[in-house]
Amino acid sequence: MALLNRMDWYNLARTTNWTPAYVTEDELFPPELSGGFGLPATAWEGYDEPYKQTYPEYVKVQREKDAGAYSVKAALERSQIFENADPGWKSVMKAHYGAIARGEYAAASAEARMMRFSKAPGMRNMATLGCMDEIRHGQIQLFFPHEHVSKDRQMDWAYKAYDTNEWAMIAARHFFDDIMMTRDAISVSIMLTFSFETGFTNMQFLGLAADAAEAGDHTFANLISSIQTDESRHAQIGGPALKVLIENGMKDEAQKRVDIAVWTAWKLFSVLTGPIMDYYTPLEHRKQSFKEFMEEWIVAQFERALTDLGLDLPWYWDKFIADLNDTHHGMHMGVYYWRPTVWWNPAAGVTPEERNWLEQKYPGWNDTWGKCWDVIIDNVVDGNMALTFPETLPMVCNMCQLPIIGTPGNGWNVQDYPLEYNGRLYHFGSDVDRWVFQQDPARYAGHLNLVDRFLAGMIQPMDLSGALQYMNIAPGECGDDAHNYAWAETYRAMRELKLAS
Amino acid sequence: MALFPLSSNFEGDFVLQLVAVDSENTMDEVAAACAHHSLNRRVAPRPGTILRVRRQGAKDYFPRDLKVADSGLAPTETVEIMFEAVR
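Residues numbered from 1 in each chain as written. Chains lettered and ligands numbered in written order. Predicted model: local features only at pLDDT ≥ 70, side-chain atom pairs only at ≥ 80, totals over all residues.

**Student:** Looking at this structure, I do not really get the overall build of chain A. What am I missing?
**Tutor:** Across its full length, chain A holds 24 helices and two strands. For 501 residues, the compact-globule formula gives about 23 Å, and the C-alpha radius of gyration of chain A, at 24 Å, lands near that figure. Viewed in the frame of its principal axes, chain A has a C-alpha envelope of about 90 × 60 × 40 Å. The buried share among the 501 residues of chain A stands at 48%. Once local pairs closer than 6 in sequence are excluded, the contacts in chain A between residues at least 24 apart make up 79%. (Helix = DSSP H or I, 4+ residues; strand = E, 2+ residues; numbered from the N terminus. Rg over C-alpha atoms; globule rule 2.2 N^0.38 Å. Buried ≥ 20, exposed ≤ 12 C-beta atoms within 10 Å, placed from the backbone. Contact = placed C-beta atoms within 7 Å.)

**Student:** Please explain unusual backbone geometry as it appears in this structure.
**Tutor:** Apart from glycine, the bulk of residues carry a negative phi angle, and the bulk of peptide bonds sit in the trans form. Cis geometry is adopted by the peptide bond preceding proline 461 of chain A, which originates at glutamine 460 of chain A and carries an omega value of -10 degrees. With respect to the helices and strands, proline 461 of chain A occurs in the loop between α22 (450-455) and α23 (464-470). One non-glycine residue with positive phi stands out, namely threonine 76 of chain B, at about 70 degrees. Its location among the elements puts threonine 76 of chain B in the loop between β3 (49-55) and β4 (78-85). On the neighbour-count criterion, threonine 76 of chain B (20 C-beta atoms within 10 Å) is buried.

**Student:** Which parts of the structure should I look at to understand the environment of histidine 36 of chain B?
**Tutor:** All names here are of chain B. Note that histidine 36 resides in helix α1 (residues 27-38). Judged by local crowding, histidine 36 falls into the partly exposed class, with 15 C-beta atoms found within 10 Å. Placed 17 residues apart in sequence, histidine 36 and valine 19 show a C-alpha to C-alpha distance of 9.4 Å.

**Student:** Is there a simple way to think about the packing of helix α7 (residues 87-117) of chain A against helix α11 (residues 185-214) of chain A in this case?
**Tutor:** Each pair of packed helices can be summarised by the angle the axes make with each other and by the distance between the axes. Residues and elements named next belong to chain A. With their axes 11 Å apart at the nearest point, α7 and α11 run at an angle of 150 degrees to one another. For the element pair α7 / α11, the angle class is roughly antiparallel. Crossing angle aside, the handedness with which α7 passes α11 is left-handed. Where α7 abuts α11, its residues His96, Ala107, Ala110, Arg113, Met114 and Phe117 lie against Ala185, Val188, Ser189, Leu192 and Leu208. Partitioned by chemical class, the residues of the contact of α7 with α11 number eight nonpolar, two polar and one charged. (Axes fitted to C-alpha atoms, helices over the stretch in contact; angles between N-to-C directions. Parallel < 35°, antiparallel > 145°, perpendicular 65-115°, else oblique. Left-handed = near helix turned anticlockwise from the far one by under 90°. Nonpolar A, V, L, I, M, F, W, Y, C, P; charged D, E, K, R; others polar.)

**Student:** How should the pairing of strand β1 (residues 3-10) of chain B be read in this particular structure?
**Tutor:** If a strand is regular, its side chains alternate between the two faces of the sheet. Residues and elements named next belong to chain B. The buried fraction of β1 is high, at six of eight residues. Pairing between β1 and strand β2 (residues 17-22): six bridges, direction antiparallel. The partner of proline 5 across the bridge, within β2, is alanine 20. Here β1 folds back onto β2, and the loop between the two strands holds six residues, one of which, glycine 12, carries a positive phi near 95 degrees. (Pairing = 2+ DSSP bridges.)

**Student:** Whenever I open this one, the sheet that holds β4 of chain B confuses me. Can you help?
**Tutor:** All names here are of chain B. What the four strands build is an open sheet, ordered β2-β1-β4-β3; its pairing is mixed. Of all the strands in the sheet, just β2 and β3 have a single pairing partner and so form its edges. Averaged over neighbouring strand pairs, the angle between their axes works out to 45 degrees when direction is ignored. Sheet topology places β3 next to β4; seven bridges connect them, and they run antiparallel. Bridge pairing in β4 places leucine 51 opposite phenylalanine 83. Each of β1, β2, β3 and β4 touches α1; the most contacted strand, β2, lies at about 145 degrees to it.

**Student:** Hey, could you run me through the interface of chain B and chain A in this one?
**Tutor:** The parts lose accessible area when they come together, and the size of an interface is often stated as this lost area. Residue-level contacts link 23 residues of chain B with 28 residues of chain A. Sorting the residues of the side of chain B that touches chain A by element identifies β1 and β2 of chain B as the ones contributing at least two each. When grouped by side-chain class, the residues that make up the side of chain B that touches chain A number nine nonpolar, nine polar and five charged.

**Student:** Could you clarify how one ought to interpret helix α13 (residues 238-247) of chain A in this entry?
**Tutor:** Helical periodicity: at 3.6 residues per turn, an α-helix aligns residues three or four positions apart in one direction. Residues and elements named next belong to chain A. Most of α13 is tucked away, with seven of its ten residues classed as buried. Among the residues of α13, Gly238, Gly239, Pro240, Ala241, Leu242, Val244 and Leu245 are the ones counted as buried. The inward-facing, buried residues of α13 contact α4 (41-44), α8 (121-146), α11, α14 (251-280) and α15 (290-309). Glycine 249 sits one or two residues past α13 and shows a positive phi near 75 degrees.

**Student:** What is the right way to read the environment of serine 270 of chain A from this model?
**Tutor:** All names here are of chain A. The residue serine 270 is located in helix α14 in this model. Judged by local crowding, serine 270 falls into the buried class, with 24 C-beta atoms found within 10 Å. The spatial distance from the C-alpha of serine 270 to the C-alpha of leucine 192 is 17 Å, given a sequence separation of 78 residues. When near neighbours in sequence (up to four residues on either side) are disregarded, serine 270 contacts Thr327, His328 and Met331.

Okay, structure coming up:
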């Protein structure tokens, strides 16, 4: 039997809206799940997805993608790439898998909400495929690291991380809970797919794929490139939804969701991806700086996408651009200084050659971040190791759940952005984090950040051992310097040379 | 006598830190408690200076012998610990 061409039947087949006779429209599409924004179903029928794919096409393509990724893995399993990789690169893998794998699996639930509850038939079809994408991403990113668990206990965090109260995971959960687990279908399409996946996921997966290939880790490069091809398809779910909202006079509501999600995504990526690109990836394998990547993949991408849709740039755009020079350096220093509290071994990334690279990419680095590193390096060289570890907690932002940081040294501008709400004093890392809270205080006010939990007596004993226990970090899993401080030898030699002269 | 948590913003450092002091501590003692977590860890000492404490955003320092309990500070409020040249 001859098959019809896809476009001869696609639009008819996927237009499955009907007028309910036995229940009301609100019972079929409960507003809190559907997020219809008060628009009738007919308005959502105008949703026109840019990427049209049928189920048989999807299955065929996905099968080929899986076959490709799994055969590269099988072919390279005896290659000892993991065993011989630079320790900084292993940390990249550990941080990535822990923060991403189970989040992808959770995203299947968010896609399923769009699949069932969106009033837009085209969105329901795309989200059906998106939901299966996310199940695949969860499974494949748990299967691939599993072969390394027996070699390195920290690799177990690929599975374990999301079940813990480790501070970076509290931050990741807070973000994903906010943008995808507790929002209606339309808001998910705007906040998860348009705001997060279009830009930030692109950067994590394309940027890391390039770095992985440079580092010789072809299994990882192939895996995340394979995932990215799915992401770039289902990331397009949100754009047409924004168009429907704007055409129906809902621009402000749409804009607000974009502004919230882009900022909170940025903060999470400043701690996850920033240190990886500018400090952990071995210098000779770095393709671009984190800032350059952000400018190409996030700034340019969003400016174009927002303009095309008729949305404005977020009100904080200038601050965001300025923060590309700073925030991730602070996140890196925080992760490094509090390294026993992460499940990977942070690479310091501050050899003289690396500092030259940082100064070139971020003029002024030596006068600011370098000032703090000078003290840390002296302590390592002098053997004052106790001074290179923390004895207290950093203050943590009540929105992004990350340390409240700023520029140190000669550019010192660290600041708290406090807010008293219902008799409780909240602390924020920026005026934008505080603004996000103020958009819906009741939504966020009940959450306790790590410092709130500590002060409430939930972490016992109230010291590092109690904190590690609270974060489920078992002995043998604590982070320490990726290169066992070997990088300090250069500074030791430089000092001896100076003394000799 | 009561444990009093403050947020320490130490001049030249990169992060706010939780510092537990006592409500009976003077501002000099607060400065020393905050310095313990920043000075010689990520901030180099500055010879010829002492440390002063002020509320975030304030121009004037608290008197050096002022007790936390009498300062009007709220628990977890952010204080700035600044280097001041010895006169």
